[in-house]
Amino acid sequence: MRKATIVNMTSLHPDRLLPADPGTRDVARRLYAAMADLPIISPHGHVPPEWLAEDTPFTDPTSLLLSPDHYVFRLLHAQGVDLADLGVGGAQLDEAGSRRAWTLFCENWSAFRGTASRFWMESVLADVFGLAESPSAETADTIYDHIAAALTTPEFRPRALAERFNISVLATTDDPVDSLEHHRTLAADSSFATRVAPTFRPDRYLEPVRPDFAELAKSLGAAADIDTTTYAGYIAALENRRRFFKDNGGVSTDHSHLDVVTLTLEPAEASRIYAAALAGEASEDEATAFRRHMLVEMARMATEDGLVMTLHPGALRNHHIPTFERFGADTGHDIPVGVEFTRGLQHLLSRFGTSDGFQLILFTLDETVFSREIAPLAGFYPSVYAGAPWWFLDAPEAVRRYRGAVTETAGFHRTSGFIDDTRAFLSIPARHDMSRRLDAAYLAQLVAEHRLDEDEAHETAIDLVTTVPSKAFKL
Amino acid sequence: MRKATIVNMTSLHPDRLLPADPGTRDVARRLYAAMADLPIISPHGHVPPEWLAEDTPFTDPTSLLLSPDHYVFRLLHAQGVDLADLGVGGAQLDEAGSRRAWTLFCENWSAFRGTASRFWMESVLADVFGLAESPSAETADTIYDHIAAALTTPEFRPRALAERFNISVLATTDDPVDSLEHHRTLAADSSFATRVAPTFRPDRYLEPVRPDFAELAKSLGAAADIDTTTYAGYIAALENRRRFFKDNGGVSTDHSHLDVVTLTLEPAEASRIYAAALAGEASEDEATAFRRHMLVEMARMATEDGLVMTLHPGALRNHHIPTFERFGADTGHDIPVGVEFTRGLQHLLSRFGTSDGFQLILFTLDETVFSREIAPLAGFYPSVYAGAPWWFLDAPEAVRRYRGAVTETAGFHRTSGFIDDTRAFLSIPARHDMSRRLDAAYLAQLVAEHRLDEDEAHETAIDLVTTVPSKAFKL
Amino acid sequence: MRKATIVNMTSLHPDRLLPADPGTRDVARRLYAAMADLPIISPHGHVPPEWLAEDTPFTDPTSLLLSPDHYVFRLLHAQGVDLADLGVGGAQLDEAGSRRAWTLFCENWSAFRGTASRFWMESVLADVFGLAESPSAETADTIYDHIAAALTTPEFRPRALAERFNISVLATTDDPVDSLEHHRTLAADSSFATRVAPTFRPDRYLEPVRPDFAELAKSLGAAADIDTTTYAGYIAALENRRRFFKDNGGVSTDHSHLDVVTLTLEPAEASRIYAAALAGEASEDEATAFRRHMLVEMARMATEDGLVMTLHPGALRNHHIPTFERFGADTGHDIPVGVEFTRGLQHLLSRFGTSDGFQLILFTLDETVFSREIAPLAGFYPSVYAGAPWWFLDAPEAVRRYRGAVTETAGFHRTSGFIDDTRAFLSIPARHDMSRRLDAAYLAQLVAEHRLDEDEAHETAIDLVTTVPSKAFKL
């Protein structure tokens, strides 16, 4: 078995995130030791597959570690840094710009105290690059130069890192019309051990409210080679592309709309709205109804093709209009709103909640639903899994709250296992490591309070990074 | 004074659920020791009174411990077990079926790790039955045989257990038209020391949306011997039955609707809707308004007859329609929704919130209201009590959150004391024991952080299982 | 530098609120020691400025410590005490009444166990008055006499106490038409070192739904010497009064409406509704739209005059109508409701969220928004700060939850620093002391779990009571 990390920095304390109480910490250390070196299963994330397919060298610290990491650049923006100075939104920085961005980050290092990004970045610098210095105005150039030099070596090319990180499964997130050529390249290459699975993410093809819906439907038809001018053709094209993803290693579909209300339209009504939408004449209410209907259709298709369905609702995208206009989407100002699952999913689950092979993983940015809705649903429906804490909630205290809110109703086996959900490739081991430490800490507390025997905790710790994600994602 | 438990298993650690920090644990041990053997007051629950009145022997492990315990069977269902195989929904299993159900449970024992059911079941097996083995595929038969044999002995008949469990008060939950014959039998029998109190639960008689409303009104009239074809008669019949419950030892009424919005209709309007409802012609809006009006009427009656009013809102019943159709209600898929108390109860509390003798205990499945609504209400209104964590929230982490969310605003005296709310008779001592351990732990933390003196904590610990429930429920 | 407290009671444990784990406590002690004696910055509160301007002696324990403290008297009311007996609502108690009120409080001391008021009152009695006894029926008279005697001495006059408490900045909350004469008196008096800043609180002038709106608009015009019979005049008068506050030391404006929905009306529409409101003819919908529009106008003015904007939404005022009718507003029954910030503020923040110098501090009584909305907003917008836990949430467990919910997304620098928000003048040091202890405890946990180095924690601890509030409130 390969090792998850090859550099063991003395600067990072081996007990990070483990409980302070000495007795509990002893238990946690033993549990963590059992998980620490197991391969990484990453069943949901955003790493571009071409990085691995083409094994492209990374160019510089900023475009690798800052520009694509919205956790990092949004907090720098809150500190008053202009996003343009960080290379956000696609603008390519020259070497001077890249170095300047890196310095801005290092100067603002104290802003990250207490955040998860602090933990991840610290791990990347120490464990991946072997750096001992903390970022600061003084160390910015040294660190920059060190990373830039490392990136020119073969050890820091994407495939070498994937191997060093001991990633056994890595899922990407892909457009339904994607050719999946990179996935096929990777699958055909027996020299590369990581299984890279595409994820079917059809959001925009299910939203007739979009001005480009007709265009999207057309491109879907082209990809599937099916006429999508009728509702029946549109459905057939979606089924076709799902099969294509499955045939190319896909295991799940992902859906991120504002809410998770579900309903089924009469076929004639669905056809009528679809036609209106193509003509740009669907009302907003019709468009919403159609999208909610299509979420149920996705579940129906899942019962047929077996792809796992994951829901990531509740982010109000592009909150700050001027930033969206200047830098585009995914630039740090998607802000959560409250979400309702119980009523919203009743229709879908009454239809498919006990269907053979159907699996539905629920994620949320609204933690109030963990104990109130998600755990009760996952504690009854054999199809429902409580998704790991996500995005703003993927941090030590929030993870602790998640386990505290979900476990007592749904146990450990009804959860999804950890999801890194990241495009920050180098932080993947740090994110999984954080999760493992936190699970060890949670289980250790159960042991210390005599709620679980240590051998059970040990078995559960290993399950959480092996059988649990494998089952939830059908790996 | 009788002892709460007669078997002290060495297999269960004496410090279960007490804080891991050694100093805090020492305090917690002392506090727990002061509470551990005090009699059990169970002012809200679902044990069938006939079990005690007739002292019927329990027949087998499955029908005693699995089929009636929705906490247990819902999680087995989530693991893929068919509810029919667990004897859920009234189907009587034969001996082979019962044994097979028990084996399914034992095989899935690991699914309960980290849940409250794990704690309760472990306590039942060890403390009530003296078993040392953990459930597993290997031990299933041995445990089954051991329990089945015990159930044939006089020590395991309901009354003997009630005495052994040291239950001083046990409230049941009863239909308004119930004859309360079992309660009268028990009250008349001086050989049985436990006070068994009925609870008036009129939900379905207050919901004109039900198709059987006219029938229910009629049966209410028959029970009260009052003509309920008019609104005035309906009100008089409800008042009559409340008095009947009170005269037969009842102390409280219980109300579990989807929301707690309150309003008062003009008498003419109430009469008009009532007449329409009897004729099956009330609209859904009218039916809802009538139910909200009737909740206020229940409060009005409470100011007159002195029965304590308890609210348990916010469960969306029978979420999975096919399971409801196959197995009926209360089969593990009631799922919580968000609930609002501040606006909802303003009308009721403006009318009766400071009325002499009126008491209103608020329970919730939506923990967001603990700090936001319930504690502020209980921290002002002399009538309002913050109900103990209930159902999905009746578990160690959730109880800890409840104390953390409620105490700082409302203190300890404005809470209800523990409610087991269970029909799982054998788990009653375990549930109260869990609550006592958690309260000891919470108080010990206050002591360890010098927020409370230990003598105050000691007094409070005892109050929480004696004067606090006695005051909240007027015992 | 002056000392924050001059009496060190042996009765109060030096480790109050610090973590129980010995190793973590050691770190917390060191961090707390670094903060404990730093001057108090109180940038939002309700102390009447005339107390300091006129240095009026306090008259008696009840009118000083009970009648104005809604945290205390609401919980006594919940225990069954009549508010009239506590001097609530302006009724002046005679000496016998005052002593009787004090006795009622002391007799009910146990009701405060586990509450923040317990901590504050204990600190006031021990640290401010040097008392060693706990309140009880037996000690009530002794304590009363001791305090009453102290209040006749010069050391207990408001200015002497402000100096003893080491308060460097104290903000009051003031009506827009206030003459600010007391603030000017204090500013002109070089013998008094505390900076006393007024806060512009225009709520009622922005609510055309009020029956006295025309009158209020008129008085606003009179204060500004501007004709407010037109919308333009009304706006000019508000701008004028804001400037007047700023010129007299004001740094912020405060806004406490039921929600924080924002929108901008067309000028003609705003004028039309304003005219209708003056005529008493605005509909409720129009009044609400106008108020939401005016909140945006306040932000617009803030970008011009530089006053910091603070929002305190979500309290449903005067929940119990009969108490409101008998005792008036602010009498203990304002009860929180859920609040939404993400959608509500999108319009305001899209307009001004990145405007130079604009600062917006968000407070809430609905803790669900800490992790879901406030931290994500403060983690992107350079203008937005996550306000300290407020009112019902200003207590140890809630503060801990706040840090746990906000820090991981927004860090420490995007928070407001502590706000005591009190009119209980003598409790100000205790409230700030509680906050400092809790921040030391939180940081110590990060250190103990190796999430932060101790030198960083030390620097952050000091920042939290110096640079953080100074920056958020532009001091």
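Owing to the predicted nature of the structure, the values given are computational and were not obtained by experimental measurement. (Residues numbered from 1 in each chain as written. Chains lettered and ligands numbered in written order. Predicted model: local features only at pLDDT ≥ 70, side-chain atom pairs only at ≥ 80, totals over all residues. Heavy atoms only, no water.)

1. Remarks on the overall build of chain A
Link 1 in the chain: Scanning chain A from N- to C-terminus turns up 20 helices and 10 strands.
Link 2 in the chain: Relative to the 2.2 N^0.38 estimate, which gives 23 Å for 475 residues, the radius of gyration of chain A is 23 Å and therefore close to what a compact globule would have.
Link 3 in the chain: Counting only C-alpha atoms, chain A reaches 65 × 55 × 45 Å along its principal axes.
Link 4 in the chain: Residue burial in chain A is summarised as follows: out of 475 residues, 65% are buried.
Link 5 in the chain: Across chain A, contacts joining residues at least 24 apart in sequence account for 78% of those joining residues at least 6 apart. (Helix = DSSP H or I, 4+ residues; strand = E, 2+ residues; numbered from the N terminus. Rg over C-alpha atoms; globule rule 2.2 N^0.38 Å. Buried < 20%, exposed > 50% of the residue type's maximum accessible area, 1.4 Å probe, protein only. Contact = heavy atoms within 4.5 Å.)

2. Description of the relation of the copies chain B and chain A
Link 1 in the chain: Overlaying chain B with chain A gives an RMSD of 0.0 Å, the required rotation being 120 degrees about an axis along which the chain moves by 0.0 Å. Taken together, the turn and the small shift mark the pair as related by a three-fold rotation axis. Within chain B, Asp21 of chain B has its C-alpha nearest the rotation axis, a separation of 3.5 Å.
Link 2 in the chain: Mapped onto chain A, only 4% of the interface residues of chain B are again interface residues, and the two copies thus contact each other with different surfaces. (Least-squares fit on C-alpha atoms with pLDDT ≥ 70 in both.)

3. Considering the interface of chain B and chain A
Link 1 in the chain: Chain B puts 50 residues into the contact, and the matching count from chain A is 44 residues.
Link 2 in the chain: Carbon and sulfur atoms supply 52% of the area buried between chain B and chain A, which totals about 3800 Å² over both sides.
Link 3 in the chain: Three residues stand out in chain B for area buried against chain A, namely Arg113, His319 and Glu397 of chain B, and they jointly supply 20% of the buried area on that side.
Link 4 in the chain: Taken together, the links from chain B to chain A amount to six salt bridges.
Link 5 in the chain: Salt-bridge contacts for Glu397 of chain B lead to Arg451 of chain A; the nearest nitrogen and oxygen are separated by 3.4 Å.
Link 6 in the chain: The interface formed by chain B and chain A includes 28 residue pairs in polar contact (both at pLDDT 80 or more).
Link 7 in the chain: Among the elements of the structure, helix H1 (22–35), helix H4 (70–78), helix H6 (116–128), helix H14 (321–327), strand S8 (335–336) and helix H17 (396–410) of chain B are those that each provide at least two residues to the side of chain B that touches chain A.
Link 8 in the chain: Taken together, the residues of the side of chain B that touches chain A sort by class into 23 nonpolar, 16 polar and 11 charged. (Buried area = accessible area lost by both parts, 1.4 Å probe. Salt bridge = Lys/Arg side-chain N within 4 Å of Asp/Glu carboxyl O. Polar contact = N/O pair within 3.5 Å; in protein donor to acceptor, adjacent residues only side chain to side chain. Nonpolar A, V, L, I, M, F, W, Y, C, P; charged D, E, K, R; others polar.)

4. Quick notes on the interface of chain C and chain A
Link 1 in the chain: Listed by partner, the interface residues are 44 residues for chain C and 50 residues for chain A.
Link 2 in the chain: Viewed at the interface, chain A and chain C are joined by six salt bridges.
Link 3 in the chain: Glu456 of chain C is paired through a salt bridge with Arg118 of chain A; the nearest N and O atoms lie 2.8 Å apart.
Link 4 in the chain: Our count for the contact surface shared by chain C and chain A stands at 28 residue pairs in polar contact (both at pLDDT 80 or more).

5. Structural notes on the pairing of strand S2 (residues 167–171) of chain A
Residue and element names in this part refer to chain A.
Link 1 in the chain: Most of S2 sits inside the fold, with four of its five residues counted as buried.
Link 2 in the chain: Note: strand S1 (residues 40–42) against S2, three bridges, orientation parallel. In the sheet register, Ile41 faces S2, and the bridge partner there is Val169.
Link 3 in the chain: Pairing of S2 with strand S3 (residues 195–197) involves three bridges; the strand directions are parallel. (Pairing = 2+ DSSP bridges.)

6. Some details on the environment of Asp455 of chain B
Residue and element names in this part refer to chain B.
Link 1 in the chain: The topology assignment puts Asp455 in helix H19 (residues 454–465).
Link 2 in the chain: Here Asp455 falls in the exposed class, since its relative accessible area comes to 57%.
Link 3 in the chain: A sequence separation of 49 residues divides Asp455 from Val406, and the C-alpha atoms of the two residues are 22 Å apart.

7. Structural notes on the relation of the copies chain C and chain A
Link 1 in the chain: Between chain C and chain A, the superposition needs a rotation of 120 degrees and an axial shift of 0.0 Å, giving an RMSD of 0.0 Å.
Link 2 in the chain: A share of only 5% of interface residues in chain C that are also interface residues in chain A marks the association as one of differing surfaces.

8. Considerations on the sheet that holds S2 of chain A
Through backbone hydrogen bonds, the strands of a sheet pair up, either in parallel or in antiparallel fashion.
All names here are of chain A.
Link 1 in the chain: Pairing is parallel across the open sheet formed by three strands, whose spatial order is S1-S2-S3. The open sheet has two free edges, formed respectively by S1 and S3, since each of these has just one partner strand. The average angle at which neighbouring strand axes cross in this sheet is 10 degrees, direction not considered. (Axes fitted to C-alpha atoms, helices over the stretch in contact; angles between N-to-C directions.)

9. Overview of the side chain of Glu367 of chain A
Link 1 in the chain: Mapped onto the secondary structure, Glu367 of chain A falls in the loop between strand S9 (360–362) and helix H16 (368–378).
Link 2 in the chain: There is a polar contact of 2.8 Å between the side chain of Glu367 of chain A and the side chain of Arg401 of chain A.
Link 3 in the chain: When neighbours within four sequence positions are excluded, Glu367 of chain A is seen to be in contact with Leu393 and Arg401 of chain A together with Ser371 of chain C.

10. Looking at the packing of helix H16 (residues 368–378) of chain B against H17 of chain B
Residue and element names in this part refer to chain B.
Link 1 in the chain: The interhelical angle for the contact between H16 and H17, taken along N-to-C directions, is 40 degrees, at an axis separation of 8 Å. One element, H16, and the other, H17, form an angle in the oblique class. For the pair H16 and H17, the sense of crossing is right-handed. Counted together, Phe370, Ser371, Ala375, Pro376 and Ala378 of H16 and Tyr402, Ala405, Val406, Thr409 and Ala410 of H17 form the full contact between these two elements.
Link 2 in the chain: For the contact of H16 with H17, the per-class residue count stands at eight nonpolar, two polar and no charged. (Parallel < 35°, antiparallel > 145°, perpendicular 65-115°, else oblique. Left-handed = near helix turned anticlockwise from the far one by under 90°.)

11. Here's the deal with the environment of Thr415 of chain A
All names here are of chain A.
Link 1 in the chain: The residue Thr415 is located in the loop between helix H17 (396–410) and helix H18 (428–448) in this model.
Link 2 in the chain: On a C-alpha basis, the gap between Thr415 and Pro469 in space is 8.2 Å, while along the polypeptide they are 54 residues apart.
Link 3 in the chain: Residues within four places of Thr415 in sequence aside, it is in contact with Tyr385, Ala386, Tyr402, Arg403, Val406, Leu464, Val468 and Ala472.
Link 4 in the chain: A distance of 2.6 Å separates the side chain of Thr415 from the backbone oxygen of Phe412, its partner in a polar contact.

12. A word on the pattern of salt bridges
Link 1 in the chain: In total, this model carries 117 salt bridges over all chains according to the counting rule given.
Link 2 in the chain: Residue Glu367 of chain C pairs with Arg401 of chain C through a salt bridge whose shortest N-O separation is 2.8 Å. Of this pair, Glu367 of chain C sits in the loop between strand S9 (360–362) and helix H16 (368–378) while Arg401 of chain C sits in helix H17 (residues 396–410), placing them 34 residues apart in sequence.
Link 3 in the chain: Exposure remark for Arg401 of chain C: the relative accessible area of 26% places this residue in the partly exposed category.
Link 4 in the chain: A single network of salt bridges, built from pairs that share partners, joins Arg16, Arg113, Arg118 and Glu122 of chain A together with Glu456 and Glu459 of chain C.

13. Things to note about the pairing of strand S5 (residues 252–255) of chain A
All names here are of chain A.
Link 1 in the chain: Across the two faces of S5 the burial is the same, with Ser252 and Asp254 and Thr253 and His255 all buried.
Link 2 in the chain: Sheet analysis places S5 next to strand S6 (residues 308–311), joined by four bridges and oriented parallel. The residue of S6 that forms the bridge with Thr253 is Met309.

14. Structural notes on the packing of aromatic side chains
Link 1 in the chain: Counted according to the given criterion, the structure contains 72 aromatic pairs over all chains.
Link 2 in the chain: Seen from their ring centres, Trp391 of chain A and Phe392 of chain A are 5.2 Å apart, and the 10 degrees between their planes marks the pair as stacked. When sorted by exposure, Trp391 of chain A lands in the same class as Phe392 of chain A, which is buried.
Link 3 in the chain: Every member of this aromatic cluster is reached through a ring pair, and the members are Phe213, Tyr231, Tyr234, Tyr274 and Phe290 of chain A.
Link 4 in the chain: Against the face of Tyr385 of chain C rests Arg414 of chain C, its NZ or CZ located 4.5 Å from the ring centre. (Phe/Tyr/Trp six-rings, centres within 6.5 Å; stacked < 30°, edge-to-face > 60°. Lys NZ or Arg CZ within 6 Å of the ring centre and 35° of its normal.)

15. Quick look at the domain arrangement of chain A
Residue and element names in this part refer to chain A.
Link 1 in the chain: Annotation of chain A at the domain level lists domain 1 (57–156) and domain 2 (166–472).
Link 2 in the chain: One C-alpha centre belongs to domain 1, the other to domain 2; they are set 29 Å apart.
Link 3 in the chain: Counting residues at the interface gives 21 residues for domain 1 and 21 residues for domain 2.
Link 4 in the chain: On the domain 1 side of the interface with domain 2, the three residues burying the most area are Tyr71, Phe119 and Trp120, jointly 30% of the side's total.
Link 5 in the chain: Our count for the contact surface shared by domain 1 and domain 2 stands at one salt bridge. (Domains from an automatic or database assignment.)

16. Digging into unusual backbone geometry
All names here are of chain A.
Link 1 in the chain: At Leu17, a position not held by glycine, the phi torsion is positive, near 70 degrees.
Link 2 in the chain: The residue Leu17 is located in the segment before helix H1 (22–36) in this model.
Link 3 in the chain: Residue His450 is not a glycine yet carries a positive backbone phi of 60 degrees.
Link 4 in the chain: Along the chain, His450 falls in the loop between H18 and helix H19 (454–465).

17. Topic: the sheet that holds strand S2 (residues 167–171) of chain C
Residue and element names in this part refer to chain C.
Link 1 in the chain: Within the open sheet, the three strands sit side by side as S1-S2-S3. Their pairing is parallel. Each edge of the sheet is formed by a strand with only one pairing partner; in this case those strands are strand S1 (40–42) and strand S3 (195–197). The mean inter-strand angle of the sheet, taken between neighbouring strand axes irrespective of direction, is 10 degrees.

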